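The residues making up each chain are set out below.
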Amino acid sequence: MTMTGLVVIAISGVTALSVQREQNTFHQEWKERASLLLDTLEVVARDPLYDLEADVLSQLISALAQNHPLLTSGHIYDSDGRIIADLHRQGPVYATQSSPLGQRLINSEPTVFIWQSQQLVAGRAIIAGEQRLGAVSIGLSTAPLQQKVARVRNQGIVIALIAGGLGASIAVVLSRSITTPLQALVVATRKIAQGDLNQQVPIQSHDELAVLAQSFNEMTSRLQQTLSLLQAHKDELEQRVQERTQALSEAIQHLQQTQTQLVQSEKMSSLGQLVAGVAHEINNPASFIHGNLTYASTYIQDLLDIITLYQRHYPNPPAGLQEAIDAVDLAFIQSDLPKLLQSMQVGSDRINEIVRSLRTFSRLEEGDFKPADIHDGIDSTLMILKHRLKMATGNGIQVVKHYAPLDPIDCRLGQLNQVFMNILTNAIDALQDQEAAPSSPSQQPPTIEIRTRSLSPDWIAIHIFNNGPSIDTEIHSKLFDPFFTTKSVGQGTGLGLSISYQIVTEHHRGRLYCHSKANWGTEFILELPTHHPDETMPDLAAADR
Ligand SMILES: Nc1ncnc2c1ncn2[C@@H]1O[C@H](COP(=O)(O)OP(=O)(O)OP(=O)(O)O)[C@@H](O)[C@H]1O
Ligand SMILES: [Mg+2]
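The written sequence of each chain sets the order in which its residues are numbered from 1. Here every chain gets a letter starting at A, and every ligand a number starting at 1, in the order they are written. Where local features are concerned, this predicted model is filtered to residues with pLDDT of at least 70; where side-chain atom pairs are given and counted, the filter is 80 or more; whole-chain, interface and lining totals use all residues. No hydrogens and no water enter the side-chain calculation; it runs on all heavy atoms of the structure.

K.L.:
Just checking my understanding: could you explain unusual backbone geometry for this structure?
P.N.:
Glycine aside, a negative phi is what most residues show, and trans is what most peptide bonds show. One non-glycine residue with positive phi stands out, namely Arg509, at about 55°. Positionally, Arg509 belongs in the loop between α11 (496-507) and β11 (511-517). Backbone geometry at Asn519 places phi at a positive 60°, although glycine is not the residue there. For Asn519, the position within the fold is in the loop between β11 and β12 (521-529). Here a helix means four or more residues in a row that DSSP labels H or I, a strand means two or more in a row labelled E, and each is numbered from the N terminus.

K.L.:
Mind showing me how you'd approach the environment of Ala34 here?
P.N.:
With respect to the helices and strands, Ala34 occurs in helix α1 (residues 2-51). Note on Ala34: relative accessible area 0%, which makes it buried. When the C-alpha atoms of Ala34 and Leu120 are compared, they prove to be 8.1 Å apart, with 86 residues separating the residues in sequence. In what follows, a contact means two residues having at least one pair of non-hydrogen atoms within 4.5 Å. Excluding anything up to four places from it in sequence, Ala34 contacts Phe113, Leu120, Ala122, Ile138 and Leu140. A simple rule labels every residue: compare its accessible area, found with a 1.4 Å probe on the protein chains alone, to the largest value its type can have, and call it buried under 20%, exposed over 50%, or partly exposed in between.

K.L.:
I tried to follow the domain arrangement of the protein on my own but got confused; where do I start?
P.N.:
Quite often, the size of an interface is put as the accessible area lost when its parts meet. Domain start and end points were adopted from an automatic or database domain assignment. Domain boundaries in the protein define domain 1 (2-158) and domain 2 (367-545). Computed from C-alpha coordinates alone, the two centres of domain 1 and domain 2 are separated by 146 Å.

K.L.:
Whenever I open this one, the packing of helix α8 (residues 374-385) against helix α9 (residues 413-436) confuses me. Can you help?
P.N.:
Geometrically, a packed helix pair is captured by the angle between its two axes and the distance between the axes. The axes are straight lines fitted to the C-alpha atoms, using for helices just the contacting stretch, and the angles between their N-to-C directions are given from 0 to 180°. Contact pair α8 / α9: the axes reach a minimum separation of 9 Å and the direction vectors enclose 45°. The orientation of α8 relative to α9 falls into the category oblique. α9 is crossed by α8, and the crossing has right-handed handedness. Only Leu413, Leu416, Asn417, Phe420, Met421, Leu424, Thr425 and Ile428 of α9 make contact with α8, whose side of the interface consists of Ile374, Gly377, Ile378, Ser380, Thr381, Leu382, Ile384 and Leu385. Any residue outside Ala, Val, Leu, Ile, Met, Phe, Trp, Tyr, Cys, Pro, Asp, Glu, Lys and Arg is labelled polar, Gly included; the first ten of those are nonpolar and the last four are charged. Its residues assigned to classes, the contact of α8 with α9 shows 11 nonpolar, five polar and no charged. If an angle is under 35 degrees, it is roughly parallel; if it is over 145, roughly antiparallel; if it lies from 65 to 115, roughly perpendicular; otherwise it is oblique. Should the near helix be turned counterclockwise from the far one by less than a right angle, the crossing is left-handed, whereas a clockwise turn marks it as right-handed.

K.L.:
Explain the sheet that holds strand β9 (residues 447-456) to me, please; I cannot follow it from the model alone.
P.N.:
The strands making up a sheet associate through backbone hydrogen bonding, with each pair oriented either parallel or antiparallel. Strands are treated as partners if at least two bridges between them are detected by DSSP. With respect to topology, five strands assemble into an open sheet ordered β7-β9-β10-β12-β11, the strand pairing being mixed. Two strands bound the open sheet, and with one partner strand each, they are β7 (398-402) and β11. Pairwise comparison of adjacent strand axes, ignoring direction, gives a mean angle of 15° for this sheet. Pairing analysis gives eight bridges linking strand β10 (residues 459-466) to β12, with the strands arranged antiparallel. Each bridged residue has a counterpart across the sheet, and for Ile462 the counterpart in β12 is Leu526. Across the sheet, α11 is in contact with β11 and β12; its angle to β11 comes to roughly 135°.

K.L.:
Honestly, the pattern of salt bridges in this entry has me stumped. Any pointers?
P.N.:
Whenever a carboxyl oxygen of Asp or Glu lies within 4 Å of a side-chain nitrogen of Lys or Arg, that contact is scored as a salt bridge. Within the structure shown, the criterion is met by 11 salt bridges. Close ionic contact of Lys487 with Asp429 constitutes a salt bridge, the shortest N to O distance being 2.9 Å. With Lys487 in the loop between α10 (473-476) and α11 and Asp429 in helix α9, the pair connects residues that are 58 residues apart, well separated along the chain. The class of Lys487 is partly exposed, set by a relative accessible area of 26%. Exposure remark for Asp429: the relative accessible area of 16% places this residue in the buried category.

As structure tokens, then:
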């Protein structure tokens, strides 16, 4: 709008200047015209004025008026400045008083020009030698000048109006062409400020605004690229943090497992050492007894045979001997001594059996996989736990075995004994807890049932069941977690099942799971491959790597 105003002002100025120039030109032209008319009037009026022929002068001035329609007035003055001929009056004029203009003209040398609103009055004195004969004056209408000025002014106004209109339109168009892209830019900038970087402004021209829009679009594209780069870095970092956290938690878990294993194996190793020591100490004296019993039996049998022979050859012994025979009841000794020796033999065999079991159980340090009889392991463990099978009431816990004929399997028997020990101890604990709880008297005698079976040529299963209380479903999933226990402090560490799980699943590539049902009991099932896991289960071994 300011532009339009400036244009209008400029055009008004130009118009004013044009009017001024027209006026100056016109003034000059009118002065020349007036001078010419005065020249003519002076030439024709000189003689009649000299003779003061008022009629002639009047006719002259009328004739002049007829030829020059622009003449508005015309006067001829005598030497005293009185009007003697007037354009607007017919015939001579005999004025009594001199006119001020006439007197001024007579006294002035050059032509006098007086600009009035409607006309230019021009006059001069008529001089003949030294004598001033009079003066002439004419009035020339300035109407053409008014018209010309009005025309120029009107043209100026029209031009100013057109220029103003044009200027305004151009200004609107221009401002639209500038403000519209600028507004688009502002909107896009606001959206970017709000976080929406997906902004591109349209490029519709080839001016500075287009350059600005182009730069803006490039800037948003770069921003987007930088942001996606940052996002990618962030994702990568998060991924790395996640990986590290995962690795850390795995390391912690591994550490925990190692720790639990250490604690448990330390426990088992101490027990194994104790058992091995006891077995060894008992084994020596037991071997003496067992080894000498055979000789003792032979010797005693020989002696008994000799006594029988004596009795046959000397049926009537002397009185003193007979008294001694009666006192010891020789007949009873003769019949009871072989039975006594027989029972000593059984006892010795039993001791041997126990020592063998203790030795089987204590095979903890034997780290390699070796073919071993699973049943031996279970039996030796039961033997160790025998003292715990007694109950406060009744006949104690019944152990029922259903052993299938199984070939030895490749295993670390010491470790498997540890598993049997943990599961059987838990079963005994559960049954004893049930008996101790007054609210739930058991209907059936407390029983542990051990069943073995062959699943396939490559797999066997061992079921260890007890008819004690069932395990709540909420804690079922936590059974194998390290340190999970329901037992009071000092009674249980919560490591038994987690160690067992590790031994079965990791070391033996087997499976260990548990079934428990109310009014039935709890059963742990071990499934074990019969051959060395690294040879028989390459897929699992590979998966582990
Ligand atoms: N036969 C079972 N009957 C009922 N509950 C059982 C049986 N076996 C295990 N549980 C439950 O599982 C929990 C975990 O057993 P786990 O052998 O791991 O630890 P613990 O026996 O409590 O302690 P630890 O064996 O280290 O001395 C036990 O506290 C018990 O609640
Ligand atoms: Mg336990």
